[in-house]
Amino acid sequence: MDPTRLIGPSSPLGFPAPYWFMAALKVLGFTLHLIPMGLWFAGILVAMIVCRRGEQPRRFAHRLMTQMPVIVALGVNFGIVPLLFIQVAYYRVFYPATILLAWPWFAVIVLLLVAYYGVYLYALGLREAMTPARSVAGWVAAVLFVVIGFIFSNVFSLMTNLPAWAGLWMRGSVAGATTGLSLNAGDATLWPRWLLTLGLALMTTAAYAVVDAGFFARREPEAYRRWVRRFAGGLYALGAVWYAGASAWYVFGTWSTELRALMSSGGMAVLTVLTAVAPLLTLVVMLAQRNEVTGALAAVVGLLQVVVLALNAISRQVVQNAELRRFLDVTAERLQIQWSPLVLFLLLFVAGLGVVAWMIARALEASRQPAPARR
């Protein structure tokens, strides 16, 4: 069967905004989403593992998990932006993919709610009393966020794996109607992409530990900030090695000859090299600091990690378009700009970023206040 016959029909309304605008907002939103997403994807699991390994690891886990309810809320809201523009710009392949994976995709809502409550219960246990049930809730949340990441990787890898659609539909259909229970597990790109994201998440968790210690942990003892430097450097190195291995598998094990040629020529070659080596620069900066974490180190590490995530977001966008190009040209849709929702979105997006900046400023201000006296 010709895969293009399964692509959704073109909308008579056309694109509500230029493609370049939607792609830019998709990349920006995905970069912002990757920051908190990395903390719940890998950070919760790391916190649950190290929390019983001594005073300073326990202090790190306590700090991260008490912040996690807010982190999850920010991540979910930031995730709306790239998901919105995927649905608008890539609707012709996004909706067929999510129909084939309908029940796992729908399950994300349920799994997210359960994981969110698990985070709250564990954070409540840290503030009041940690019971076995609250401890289990933390582990459940850690596992569910990993599962959610796997489902998202299934959907977004299937979006570009059009040759697999017919087989998934025929194997998972009843009387010609899909059951929506298919998984894209046979896609060669699925596993390295999922593991690559996990490596990025480990590096983001390490970078956030440095940022938190440098800006928000002023009340913590100096020994904690010294420990964070060593711990974050080791965790970032683990994430970088994981990232390098998964990236090599992804690039050399799953990319077509045409895609490798595209990404290794001209300006794309520069993007590919920068995406590959940016984590190494961040790691060198982290390991170069021999004493406790300082505000300057935290600022540099945080900025560099944002660059790492942004480069990955840009590269993924380029690769996604290249994989779809032989089936669909997303830039060829008719354009009919809808100014009122476009302007309203931009105003709300900027206002939302302003609220987040205000929240961070308030948290930073509170961290500089002396600790309240204990009664």
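Model, not experiment: these values are computed from the prediction.

Caption draft 1: Quick look at the overall build of the protein chain. When helices and strands are tallied, the protein chain shows 12 helices and 2 strands. Going from the N terminus to the C terminus, the protein chain shows its helices and strands as α-α-α-α-α-α-β-β-α-α-α-α-α-α. A compact globule built from 375 residues would reach a C-alpha radius of gyration of about 21 Å, and the protein chain, at 22 Å, matches this within 12%. Overall, the C-alpha framework of the protein chain stretches about 70 × 50 × 45 Å when taken along its three principal axes. Counting over 375 residues, the protein chain shows a buried share of 50%.

Caption draft 2: Inspection of the packing of helix α7 (residues 190-216) against helix α11 (residues 295-324) at higher detail. The N-to-C vectors of α7 and α11 enclose an angle of 160°; their axes lie 8 Å apart at closest approach. Between α7 and α11, the angle is such that the two are roughly antiparallel. Regarding α7 and α11, the two cross each other, and that crossing is left-handed. On α11, the residues touching R193, L196, T197, L200, M203, T204, A207, V210, V211, G214 and F215 of α7 are G295, L297, A298, A299, V301, G302, Q305, V308, L309, N312 and R316. Split by residue class, the contact of α7 with α11 holds 13 nonpolar, 7 polar and 2 charged.

Caption draft 3: Region of interest: the packing of aromatic side chains. Counted by the stated rule, this structure contains 22 aromatic pairs. An angle of 75° between the planes, with centres 5.2 Å apart, marks the rings of F150 and W194 as edge-to-face. In this pair, F150 sits in helix α5 (residues 132-158) while W194 sits in helix α7, placing the two residues 44 residues apart along the sequence. Summarising the burial analysis for this pair, F150 and W194 share the class buried. An angle of 10° between the planes, with centres 4.6 Å apart, marks the rings of W227 and F231 as stacked. On the criterion of helical spacing, the pair formed by W227 and F231 is a turn pair, its members being 4 residues apart in helix α8 (residues 222-254).

Caption draft 4: Focus on helix α3 (residues 91-100). With 8 of 10 residues buried, α3 is to be regarded as a mostly interior element. Taken together, the buried positions of α3 are occupied by Y91, R92, V93, F94, P96, A97, T98 and L100. Check the buried side of α3 and you find it contacts α2 (55-89), α4 (102-127), α5, α6 (165-171), β2 (177-178) and α11.

Caption draft 5: Main features of the nonpolar core. Core analysis: the biggest nonpolar cluster contains 107 residues, and I44, F60, M68, Y90 and V93 have the highest contact counts within it. In terms of residue count, the dominant contributor to this core is helix α1 (residues 19-50) (16 residues). Aside from chain neighbours lying at most four places away, what touches M68 is L39, W40, I44 and V119.

Caption draft 6: Region of the structure containing the pattern of salt bridges. The tally for this structure, following the rule as stated, stands at 8 salt bridges. With a shortest N-O distance of 3.6 Å, E365 and R362 are connected by a salt bridge. Here E365 and its partner R362 are both found in helix α12 (residues 339-367), 3 residues apart, which amounts to about one turn of the helix. It is possible to trace a salt-bridge network through shared partners that takes in E55, R59, R63, D212 and E220.

Caption draft 7: View of a nonpolar patch on the surface. The grouping of W103, F106, I109, V110, L113, V114, Y117, V136, V140 and L181 at the surface amounts to a nonpolar patch, some 1000 Å² of accessible area in total. Those elements giving two or more residues to the nonpolar patch turn out to be α4 and α5. Broken down by element, the residue count for the nonpolar patch peaks at 7 residues, all from α4. The residue I109 is located in helix α4 in this model.

Caption draft 8: Quick look at α7. Over its 27 residues, α7 extends 37 Å from the first C-alpha to the last, a length consistent with the 39 Å expected when each residue adds 1.5 Å. For α7, a buried count of 22 out of 27 residues is recorded, marking the element as mostly surrounded by other parts of the structure.

Caption draft 9: Quick peek at the confidence of the model for the protein chain. Scored by pLDDT, the protein chain comes out at a mean of 91, with 98% of its residues at no less than 70. Per-element mean pLDDT across the protein chain ranges from 79 in strand β1 (residues 173-174) up to 95 in α1.

Caption draft 10: Region of interest: the packing of α2 against α8. Where α2 contacts α8, the axes come no closer than 10 Å and their chain directions differ by 85°. When the interaxial angle is binned, α2 and α8 end up roughly perpendicular. Across the interface between the two elements, Q56, P57, R59, F60 and R63 from α2 touch A223, Y224, W227 and F231 from α8. Along the lines of polarity and charge, the residues of the contact of α2 with α8 split into 6 nonpolar, 1 polar and 2 charged.

Scoring rules and cut-offs
- Residues numbered from 1 in each chain as written.
- Predicted model: local features only at pLDDT ≥ 70, side-chain atom pairs only at ≥ 80, totals over all residues.
- Heavy atoms only, no water.
- Helix = DSSP H or I, 4+ residues; strand = E, 2+ residues; numbered from the N terminus.
- Rg over C-alpha atoms; globule rule 2.2 N^0.38 Å.
- Buried < 20%, exposed > 50% of the residue type's maximum accessible area, 1.4 Å probe, protein only.
- Axes fitted to C-alpha atoms, helices over the stretch in contact; angles between N-to-C directions.
- Parallel < 35°, antiparallel > 145°, perpendicular 65-115°, else oblique.
- Left-handed = near helix turned anticlockwise from the far one by under 90°.
- Contact = heavy atoms within 4.5 Å.
- Nonpolar A, V, L, I, M, F, W, Y, C, P; charged D, E, K, R; others polar.
- Phe/Tyr/Trp six-rings, centres within 6.5 Å; stacked < 30°, edge-to-face > 60°.
- Core = buried A, V, L, I, M, F, W, Y, C linked by side-chain atoms within 4.5 Å.
- Salt bridge = Lys/Arg side-chain N within 4 Å of Asp/Glu carboxyl O.
- Patch = residues over 30% accessible without salt bridge, like charges linked within 9 Å, V, L, I, M, F, W, Y side chains within 5 Å.
- Areas by Shrake-Rupley, 256 points an atom, 1.4 Å probe, with all protein chains shown as cover.
- Expected span 1.5 Å × (residues − 1).
- pLDDT = per-residue confidence, 0-100.

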